[in-house]
Amino acid sequence: MADDSTGTFQAGQTGLIVRIPEAEPAVRGWRERHDPSARAGVPAHVTVLFPFLDESRTDPRVRSALAEVLGSHRAFDLRFERCGRLPGVLYLVPDPDTRLRHLTEAIADRWPEAPPYGGRFAEIVPHLTIAQGQEDAVLEKIEADLADRLPFVSRVSSVDLMVYDGTKWHERASFALGA
């Protein structure tokens, strides 16, 4: 979930993700070795917004507002057919990514105190992280392995609110997208 090489999370942090279960067979082993969020219990996913509000602020009113905002967006399909790179990060590219960007923008507009990635990046780049903090040779090896496992399609019909308890990430709620 966090794209930083420290792999550290804080108890009470939350994030909003789209699970991509179709990716698990291809990426699980790599993620468990090279993605701190996987080791902390986060499934293969595309982040919608991280960090979101502190857990203490995700009361029934906030969850109701999330359901309303997310329910106003229709379910959609994503295709994953290639890898991409950010500095020190290998990821799967979701295509098209426009609806993911719209989900992020809608949540960030409703909760401007929770900008994507804490406001560290100017552009929203939807992605499914596979590895981070590795040398290029490792990333190239992973990418070569994944080439034979792509493409696949995933249906996005919900967004999950994840909470970090100090040891692991857990799903706190799931919000359906519109039909």
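Described in the following lines is the structure provided in the data block.

Criteria and cut-off values
Residues numbered from 1 in each chain as written. Predicted model: local features only at pLDDT ≥ 70, side-chain atom pairs only at ≥ 80, totals over all residues. Heavy atoms only, no water. Axes fitted to C-alpha atoms, helices over the stretch in contact; angles between N-to-C directions. Helix = DSSP H or I, 4+ residues; strand = E, 2+ residues; numbered from the N terminus. Parallel < 35°, antiparallel > 145°, perpendicular 65-115°, else oblique. Left-handed = near helix turned anticlockwise from the far one by under 90°. Contact = heavy atoms within 4.5 Å. Nonpolar A, V, L, I, M, F, W, Y, C, P; charged D, E, K, R; others polar. Pairing = 2+ DSSP bridges.

Before going further, it helps to spend a moment on the packing of helix H1 (residues 24–34) against helix H5 (residues 136–147). For the pair H1 and H5, interaxial distance at closest approach is 10 Å and the crossing angle is 165 degrees. Accordingly, the angle class assigned to the pair H1 and H5 is roughly antiparallel. Remark: the crossing between H1 and H5 carries right-handed chirality. Counted together, Ala26, Val27, Trp30 and His34 of H1 and Val138, Lys141, Ile142, Asp145 and Leu146 of H5 form the full contact between these two elements. Of the residues that constitute the contact of H1 with H5, the class distribution is six nonpolar, one polar and two charged.

On to the sheet that holds strand S8 (residues 169–176). Taken in spatial order, the four strands make up an open sheet running S2-S1-S7-S8, and their pairing is antiparallel. At either end of the open sheet lies a strand with only one pairing partner, and these are strand S2 (45–49) and S8. When strand polarity is set aside, the average angle formed by the axes of neighbouring strands in this sheet is 35 degrees. Pairing geometry for strand S7 (residues 158–164) and S8, over seven bridges, is antiparallel. Across the sheet, methionine 162 pairs through a bridge with glutamate 171, a residue of S8. Each of strand S1 (14–19), S7 and S8 touches helix H3 (residues 60–71); the most contacted strand, S8, lies at about 55 degrees to it. Sheet strands touched by helix H4 (residues 98–110): S1, S2 and S7. Its angle to S2, the strand with the most contacts, is close to 35 degrees.

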